[in-house]
Amino acid sequence: MTVEQVAVLWFGEVGPNGSSSSNCQKIRKLIPESLPARRIGHRWFIQRAAAEAWAANCDPASVMSHPDTRAAM
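Residues numbered from 1 in each chain as written. Predicted model: local features only at pLDDT ≥ 70, side-chain atom pairs only at ≥ 80, totals over all residues. Heavy atoms only, no water.

Asker: Whenever I open this one, the packing of aromatic side chains confuses me. Can you help?
Answerer: Aromatic ring pairs: the centre-centre distance and the angle between the two ring planes describe each pair. For the structure shown, the criterion picks out two aromatic pairs. Here Trp10 and Phe11 contribute two aromatic rings whose centre-to-centre distance is 6.4 Å and whose plane-to-plane angle is 70 degrees, an arrangement assigned as edge-to-face. Phe11 sits in the partly exposed class, given a relative accessible area of 39%. Ring geometry for Trp10 and Trp54: centres 6.0 Å apart, planes at 15 degrees, overall stacked. Pair noted here: Trp10 is in helix H1 (residues 3–11) and Trp54 is in helix H3 (residues 48–56), with a separation of 44 residues, a long-range link. Ring pairing ties together the aromatic residues Trp10, Phe11 and Trp54, which thus form one cluster. (Phe/Tyr/Trp six-rings, centres within 6.5 Å; stacked < 30°, edge-to-face > 60°. Buried < 20%, exposed > 50% of the residue type's maximum accessible area, 1.4 Å probe, protein only. Helix = DSSP H or I, 4+ residues; strand = E, 2+ residues; numbered from the N terminus.)

Below you can see the structure in the form of structure tokens.
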């Protein structure tokens, strides 16, 4: 999978006025220490199994929310 495809898998589709650039940058920062990938030409490719495993084992977004907000949830 390309970095762009992984961004859609992890973060979902970008809205009509949005940009996937920041999502792709977040993924590139994980390469190669945390996320195994291979560079072919100017593109990074990530195995689908590795991307899906990473997404399945990540923390929910509520982990980063304020403690009061988490308590209300």
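Let's pick the thread back up.
Asker: I keep staring at helix H2 (residues 21–30) and nothing clicks. Help me out?
Answerer: Side chains three or four residues apart in an α-helix point the same way, a direct result of the helix having 3.6 residues per turn. Three or more residues of H2 are buried, namely Asn23, Cys24 and Ile27. Considered in projection along H2, the buried side chains sweep an arc of 95 degrees and stay on one side of the axis. (Arc of directions from axis to C-beta.)

Asker: What is the right way to read the side chain of Thr2 from this model?
Answerer: Locating Thr2 in the fold gives a position in the segment before H1. Excluding residues within four positions of it along the chain, Thr2 makes contact with Arg43, Trp44 and Phe45. (Contact = heavy atoms within 4.5 Å.)

Asker: Would you take a moment to explain unusual backbone geometry for this structure?
Answerer: As a rule of thumb, non-glycine residues mostly have phi less than zero, and peptide bonds are mostly trans rather than cis. At the junction of Ile31 and Pro32, the peptide bond is cis and its omega measures out at -5 degrees in the coordinates. Secondary-structure assignment places Pro32 in the loop between H2 and strand S1 (38–40).

Asker: In this structure, what is going on with the pattern of salt bridges? I would like to understand it.
Answerer: Two side chains that carry opposite charge are able to pair once their charged atoms sit near each other. Considering all chains together, one arrives at three salt bridges under this definition. Among the salt bridges present, the one from Arg28 reaches Glu4, with a minimum N-O distance of 3.6 Å. Taken together, the residues span a long stretch of sequence, with Arg28 in helix H2 and Glu4 in helix H1 at a distance of 24 residues. The class of Glu4 is partly exposed, set by a relative accessible area of 31%. Between Arg43 and Glu4 there is a salt bridge, and its shortest N-O distance comes to 2.8 Å. You can see Arg43 sitting in strand S2 (residues 43–45) and its partner Glu4 sitting in helix H1, a full 39 residues away along the chain. Each of the salt bridges in this network shares a partner with another, and the network as a whole consists of Glu4, Arg28 and Arg43. (Salt bridge = Lys/Arg side-chain N within 4 Å of Asp/Glu carboxyl O.)

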